[in-house]
Amino acid sequence: MKNNKIDHIISLSNDLRWQMGDEFHDSLAEGIYADAAEIVKASVHKKDEKGAFRIDARIDKIITSKVWGFPLMFLILAVVLWLTIVGANYPSAMLSGLLLDTIHPALKGMASSLGMAWWLDGFLIDGVYLAVAWVIAVMLPPMAIFFPLFTLLEDFGYLPRVAFNLDHLFKLSGAHGKQALTMSMGFGCNAAGIVATRIIDSPRERLIAIITNNFSLCNGRWPTQILIATIFVGALVPASFSGMLSLAAVIGIAVLGMVFMFLVSWGLSKTVLKGEVSTFNLELPPYRPPRFWKTIYTSIIDRTLIVLWRAIVFAAPAGAVIWLISNIYLGDVSVAAWLIDSLDGFGFLLGLNGVILVAYIVAIPANEIVIPTILMLTVLVTGLTAGSGAGVMFELDSVTATGDILRAGGWTLLTAINLMLFSLLHNPCSTTIYTIYKETKSVKWTVVASILPVIMGFVVTFLVAQIWRLLA
Amino acid sequence: MEVKPKSACESCAQFNADGLKKLGVNTNDFDFVVALAGNPNTGKSTVFNAMTGLRQHTGNWPGKTVTRAEGAFEYNKEKFKLVDLPGTYSLLSTSEDEEVARNFILFGKPSVTVIVVDASRLERNLNLVLQILEITNNAVLCLNLMDEAERNNLEIDTRTLAKDLGIPVVPTSARYNKGIPELIQTISELANGKIVCKPHRLKNIPKNIEQALEKLSTEIKQVYPDIPNSRWIALRLLEGDRNIIETLKTGEFV
């Protein structure tokens, strides 16, 4: 009885819809706007024409202009990175002095006075503790600078202008203009960027945005880029220019990431994800003076500490794994040495080495621990005495000492450049992979989004290595 | 002209600091559910934070909140659960981030819906307000970003606005915690039935649509007599919204 009635209602609605025709939606919208206009007319009065709207419009004219829009964008990116790189040095050195040079020996001392078994002591203190300490010392300072700066730009209202500037490029590549927003979020954290793709209505364009978000260098990868660029690229020129050149190299990689984002978006939209570019309205919000201290406080509490906590949660077990593979022996070689040895040939083809590839496998849970893993494994392979023993993750006090170890491990400028490229082009971290699955609910697309960047990384580093060796 | 009332005035009856307790994420055993709806980038999350004491991340770009966040506050011994919905320009569209907001306002049965609008862009914001008022009987207009409206030399006659819309209007500047005590007081009065709304219903709809709506909603009411927003369901049916057709079949909104 009830079902009949509902069917009747539905068929009635279908009939009525036919009778009214196409104009229904438009005339409804017009009706709503007419009501809105009447109401506003009765209650809103404008005192005079001058006001903040004009100032906003004037700022917009400059930062969204064809001439100044892009240079300003890169300038702002450069300033933010510069402040992050330069500003993070001092607190990083302090933290590593405290956590690695003071607390670590103290813990070791306590463990030996308690008579702790060597393997438990090694596993917990040299594995888990050191991994966590490294992540805090290296990641906390740049994040505590980068995130608040980024949040200030966000609160000021700059992000939608970036989207406005990049809209044309995204459209050309068959993607949604709002992808500029999710891309910007990805510069902080890819998982956050992928959740943010919900603002894109069209499933096709949303998938493109999800798959290509990994090309935004995330927070876990900035420190790797900065460190390697400082050691190898900065060293090419006299000391007074080395800061500028390293900065340029890092920005170059970030921009290259954006180029790949456009290329892959374009490729996807021309092949498996064909379709029309959807139009949308982008509201350019008014500029709002950020509430400075409040923004600093909340971005440190909400973003920095949450991301740091995640890194620690993943770094602790990874530290344990590194220690284990270095101390479990197959015959007379450790698992780590065996892995490195078997991957060395493939690594050479890519202009990398076995150590780097093993480090990237171990570091799937968190990109942040790639560099310490590489250092630790390099020491293991070269038999240098700089570290504190097999499988002990450590950070060297000075950038020069880190460079010496890497060079002893056979690193050249090519290795460094290809590491920077591979850091940009490899699989997303496990959190991001899980987020992709949650957002797409598709194993297929999760696999595509995870594998595609690695394959690209292999191809790009291979090509660079071959051309480099041909020319050199 | 001073449009907003002074919120820090302790002698004011509306300033009831002792009665207010921000409960953060503790949303157990609430008495009322309050939904926070509005266009993108009108400061919903800021209003949410000011009321619950939480620090839901805020940002100056449309589309920042994509999932709904929940928090709570206690006022005069009654607990209110507050749901921060993603911003939406309209209830008539079909995008995924906006669906969360649409479904909650329609089927989540909030006791009170707070509609947050940008005071300096009122006309455009009213599009959504008028749509929400078609659905619910208990709503309050939170006229946010009053500081910006003042900077833009706009004067808003909140009494006329409240009269025209048929719901209470509270001017706020949530970033500076202004107007929040008044908003909480109004929410409490609405939830307890001390304020009764007579929400504005659309007037400028063409006659043929109006008749079709009337016809359909009468039929819907016969099947589901308790449903408060049959007119809206009728509207969606005329649009051919598949979700609504499904819900109508399963009857899940009752």
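Quantities reported herein were computed from a predicted structural model and do not represent experimental measurements. Per chain, the residues get numbers from 1 upward, laid out in the order the sequence is written. Key to labels: chains lettered from A, ligands numbered from 1, both in the order written. Whole-chain, interface and lining totals are the exception, using all residues; otherwise, since this is a predicted model, local features are given only for residues with pLDDT of at least 70 and side-chain atom pairs are given and counted only at 80 or more. Values shown for side chains rest on all heavy atoms present in the structure; no hydrogens or waters enter the calculation.

A.B. asks: Explain the nonpolar core to me, please; I cannot follow it from the model alone.
C.D. replies: Soluble globular proteins tend to pack their nonpolar side chains together in the buried interior. Membership of the largest hydrophobic core comes to 105 residues, with the highest contact counts inside it found for Val135, Leu166, Trp222, Ile228, Ile374 and Leu419 of chain A. When neighbours within four sequence positions are excluded, leucine 419 of chain A is seen to be in contact with Ile228, Leu352, Ile356, Tyr360, Ile371, Ile374 and Trp411 of chain A. One finds Leu122, Leu128, Leu143 and Val170 of chain B within the second-largest nonpolar core, a separate group that totals 92 residues. Note on terminology: a nonpolar core comprises buried Ala, Val, Leu, Ile, Met, Phe, Trp, Tyr and Cys residues joined through side-chain atoms within 4.5 Å. Using a 1.4 Å probe on the protein chains alone, a residue whose accessible area is under 20% of its type maximum counts as buried, one over 50% counts as exposed, and one in between counts as partly exposed. In this analysis, two residues are considered to be in contact whenever any of their non-hydrogen atoms come within 4.5 Å of each other.

A.B. asks: Please explain the side chain of glutamate 74 of chain B as it appears in this structure.
C.D. replies: Numbering of helices and strands starts at the N terminus; helices are DSSP runs of H or I of at least 4 residues and strands are runs of E of at least 2. With respect to the element layout, glutamate 74 of chain B can be found in strand E3 (residues 69-75). On the accessibility criterion, glutamate 74 of chain B (16% relative accessible area) is buried.

A.B. asks: Help me understand the interface of chain A and chain B in this model?
C.D. replies: In many reports, interface size means the accessible area that the parts give up when they come together. Across the boundary between the two partners, chain A contributes 65 residues, which contact 68 residues of chain B. A pair is scored as a salt bridge if a Lys or Arg side-chain nitrogen falls within 4 Å of a carboxyl oxygen belonging to Asp or Glu. Seen at the junction of chain A and chain B, the total is zero salt bridges. Identification of polar contacts relies on pairs of N or O atoms within 3.5 Å, with a donor-acceptor requirement for protein atoms, meaning one able to donate a hydrogen and the other able to accept it, and with residues adjacent in sequence counted only if both atoms are side-chain atoms. At the junction of chain A and chain B, the tally comes to nine residue pairs in polar contact (both at pLDDT 80 or more). At 16 residues, helix H2 (residues 23-43) of chain A tops the list of elements feeding residues into the side of chain A that touches chain B. Amino acids outside the nonpolar list (Ala, Val, Leu, Ile, Met, Phe, Trp, Tyr, Cys, Pro) and the charged list (Asp, Glu, Lys, Arg) are all regarded as polar, and Gly is one of them. Grouping the amino acids of the side of chain A that touches chain B by side-chain chemistry returns 33 nonpolar, eleven polar and 21 charged. What makes two strands pair is DSSP finding at least two bridges between them. Where strand E1 (residues 44-46) of chain A and strand E7 (residues 154-156) of chain B come together, three bridges link them in antiparallel fashion. Paired with histidine 45 of chain A across the bridge in E7 of chain B is glutamate 155 of chain B.

A.B. asks: Explain the sheet that holds strand E2 (residues 32-38) of chain B here, please?
C.D. replies: Strand pairs in the sheet, formed through backbone hydrogen bonds, run parallel or antiparallel to each other. All names here are of chain B. Read across the open sheet, the seven strands follow the order E1-E3-E4-E2-E5-E6-E8; overall the sheet is mixed. The sheet is open, and its two edges are formed by strand E1 (20-24) and strand E8 (169-171), each paired on a single side. Direction aside, neighbouring strands of the sheet carry axes that sit 25° apart on average. Pairing of E2 with strand E4 (residues 78-84), which is carried by five bridges, proceeds in the parallel orientation. Across the sheet, alanine 35 pairs through a bridge with valine 83, a residue of E4. Convention adopted: a line fitted to C-alpha atoms gives each axis, helices being fitted over their contacting stretch, and angles between N-to-C directions are expressed from 0 to 180 degrees. Seen against the sheet, helix H3 (residues 122-135) touches E2, strand E5 (112-118) and strand E6 (139-144) and runs at an angle of roughly 165° to E5.

A.B. asks: Honestly, the packing of helix H18 (residues 430-440) of chain A against helix H19 (residues 443-471) of chain A in this entry has me stumped. Any pointers?
C.D. replies: For any two helices packed against each other, one specifies the inter-axial angle together with the distance between the axes. All names here are of chain A. Where H18 meets H19, the axes come as close as 9 Å, and the angle between the chain directions of the two elements is 145°. Helix-helix and strand crossings are classified by hand; for H18 and H19 the assignment is right-handed. Residues Ile433, Ile436, Tyr437 and Thr440 of H18 lie in contact with H19, whose contacting residues are Val443, Trp445, Thr446, Ala449 and Ser450. Considered class by class, the residues forming the contact of H18 with H19 number six nonpolar, three polar and no charged. For any pair of crossing helices, the crossing counts as left-handed if the nearer helix is rotated counterclockwise from the farther one by less than a right angle, and right-handed if it is rotated clockwise.

A.B. asks: Is there a simple way to think about the environment of aspartate 22 of chain A in this case?
C.D. replies: Residue and element names in this part refer to chain A. Here aspartate 22 is to be found in the loop between helix H1 (2-20) and H2. Residue aspartate 22 is classed as exposed on the basis of its relative accessible area of 75%. Separated by 336 residues in the primary sequence, aspartate 22 and valine 358 have C-alpha atoms spaced 61 Å apart.

A.B. asks: Even after reading the chapter, I still don't get the packing of aromatic side chains, so can you show me in this structure?
C.D. replies: Remark: the centre distance and the inter-plane angle together describe each pair of aromatic rings, the angle taken between the planes. Residue and element names in this part refer to chain A. Ring pairs are drawn from Phe, Tyr and Trp, using the six-membered ring of Trp, whenever the two centres fall within 6.5 Å, and their geometry is named by plane angle: stacked under 30 degrees, edge-to-face over 60, tilted for the rest. The full count for this structure, using the stated rule, is twelve aromatic pairs over all chains. With centroids separated by 5.1 Å and ring planes inclined at 75°, the aromatic side chains of phenylalanine 346 and phenylalanine 458 adopt a geometry described as edge-to-face. One end of the pair, phenylalanine 346, is in helix H13 (residues 335-349); the other, phenylalanine 458, is in helix H19, with 112 residues separating them in the sequence. Given a relative accessible area of 37%, phenylalanine 346 falls into the partly exposed group.

A.B. asks: Would you mind showing me how to read helix H8 (residues 230-239) of chain B here?
C.D. replies: Given 3.6 residues to a turn, an α-helix orients residues that are three or four positions apart in the same direction. Residue and element names in this part refer to chain B. With nine of its ten residues buried, H8 lies for the most part within the structure. Every buried residue of H8 is listed here: Ser230, Arg231, Trp232, Ile233, Ala234, Leu235, Arg236, Leu237 and Leu238. Glycine 240 sits one or two residues past H8 and shows a positive phi near 80°.

A.B. asks: Mind showing me how you'd approach a negative patch on the surface here?
C.D. replies: Taken together, the side chains of Asp22, Glu23, Asp26 and Glu30 of chain A present a region of like negative charge at the surface. Along the chain, glutamate 30 of chain A falls in helix H2. Patch building starts from residues that exceed 30% relative accessible area and form no salt bridge, then joins like charges within 9 Å and nonpolar side chains (Val, Leu, Ile, Met, Phe, Trp, Tyr) within 5 Å. In these tables, accessible area is a Shrake-Rupley quantity obtained with a 1.4 Å probe, and a residue counts as shielded only by the protein chains included in the view. In this tally Asp and Glu are treated as negative and Lys and Arg as positive; neither His nor the chain ends contributes. Every charge is mapped to an atom, namely NZ of Lys, CZ of Arg, CG of Asp or CD of Glu.

A.B. asks: Please explain the environment of leucine 357 of chain A as it appears in this structure.
C.D. replies: Checked against the element boundaries, leucine 357 of chain A lands in helix H14 (residues 354-362). Along the backbone, leucine 357 of chain A and threonine 446 of chain A are 89 residues apart, and their C-alpha atoms lie at a distance of 22 Å.

A.B. asks: How should the pattern of salt bridges be read in this particular structure?
C.D. replies: Oppositely charged side chains can pair when the atoms bearing their charge come close. Scanning the model with the defined rule gives nine salt bridges over all chains in all. Close ionic contact of arginine 206 of chain A with glutamate 439 of chain A constitutes a salt bridge, the shortest N to O distance being 2.5 Å. Of this pair, arginine 206 of chain A sits in helix H9 (residues 203-212) while glutamate 439 of chain A sits in helix H18, and the two are 233 residues apart along the sequence. Each of the two residues, arginine 206 of chain A as well as glutamate 439 of chain A, counts as buried. Its salt-bridge partner being aspartate 118 of chain B, residue arginine 121 of chain B comes within 3.3 Å of it at the nearest N-O pair. Assessed through its relative accessible area of 2%, aspartate 118 of chain B is described here as buried. Through salt bridges with shared partners, one network takes in Arg198, Arg206 and Glu439 of chain A.

A.B. asks: What is the right way to look at the confidence of the model for chain B in this model?
C.D. replies: In low-pLDDT segments, the atomic positions of the prediction should not be examined closely. Residue and element names in this part refer to chain B. Confidence in the prediction of chain B, expressed as mean pLDDT, is 82, and 83% of residues score 70 or more. One number per residue, pLDDT, summarises how confident the predictor is, and it ranges from 0 to 100. In the model of chain B, helix H2 (residues 96-107) stands out as the element of lowest mean pLDDT, 76, in contrast to E8, which has the highest, 96. Considering only residues more than four positions removed or in separate chains, one finds that residues 1-8, a stretch of pLDDT under 50, has 19 contacts. The ipTM, which scores confidence in the relative placement of chains, is 0.82 for this predicted complex, and the corresponding pTM is 0.73.

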